[in-house]
Amino acid sequence: MSYDSNNIFAKILRKEIPCKPVYEDEHVLAFHDIHPQAPTHILVLPKGAYRDMNDFSANASPAEIAALFRAVGKIVKELGVEESGYRVISNCGANGGQEVPHLHLHILGGRRLGRMLQPA
Ligand code: 5GP
């Protein structure tokens, strides 16, 4: 499956669509989710064209992989949820419920998040 360069996050990365950024570096852009599921709900994206975790884990460079996880650490500190706790999720494929086909990590926090999975 090839990367769809018309997906909404590709447009955000190209600055064709606005976002509320919280972090950016050479490899990563992070911004607020448009429909937050918790008081803190941030999306963390590699800037490279990776569809999902399968694609990223197989094909991203060590620098890109390190940058994504380092960014999470910086963002949770910056947003004040490092100590109170948070959840990092990446949905992949049909069973994972991925809607936007550009890899992204969700950071959720700011309240008790409850059980990890709700009944289907
Ligand atoms: P997924 O289901 O692919 O893991 O999550 C996609 C996420 O992207 C959803 O939480 C959704 O609210 C968010 N989203 C979809 N379109 C936009 C947009 O245009 N801007 C922002 N900031 N978030 C979006």
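See the structure shown above.
Residues numbered from 1 in each chain as written. Predicted model: local features only at pLDDT ≥ 70, side-chain atom pairs only at ≥ 80, totals over all residues. Heavy atoms only, no water.

Q: Just checking my understanding: could you explain the overall build of the protein for this structure?
A: Counting its regular elements, the protein contains 4 helices and 5 strands. Against the compact-globule benchmark of 14 Å for 120 residues, the protein has a radius of gyration of 14 Å, which places it among compact chains. Taking all 120 residues of the protein together, the buried fraction comes to 38%. Considering only contacts within the protein whose residues lie at least 6 apart along the sequence, 54% involve residues at least 24 apart. When the accessible area of the protein is evaluated, it comes to approximately 7,500 Å², of which 53% is carbon and sulfur surface. Of the charged side chains in the protein, 13 are positive and 13 negative; the average position of the first set lies 6 Å away from that of the second. (Helix = DSSP H or I, 4+ residues; strand = E, 2+ residues; numbered from the N terminus. Rg over C-alpha atoms; globule rule 2.2 N^0.38 Å. Buried < 20%, exposed > 50% of the residue type's maximum accessible area, 1.4 Å probe, protein only. Contact = heavy atoms within 4.5 Å. Areas by Shrake-Rupley, 256 points an atom, 1.4 Å probe, with all protein chains shown as cover. Lys, Arg positive; Asp, Glu negative; His and termini not counted. Charge placed at Lys NZ, Arg CZ, Asp CG, Glu CD.)

Q: In this structure, what is going on with unusual backbone geometry? I would like to understand it.
A: One can expect most non-glycine residues to show negative phi and most peptide bonds to be in trans. At Lys15, a position not held by glycine, the phi torsion is positive, near 65 degrees. Among the secondary structure elements, Lys15 is positioned in the loop between helix 1 (8-13) and strand 1 (21-24). When its relative accessible area of 59% is taken as the criterion, Lys15 is described as exposed.

Without other data, these values stay purely geometric and don't point to any function.
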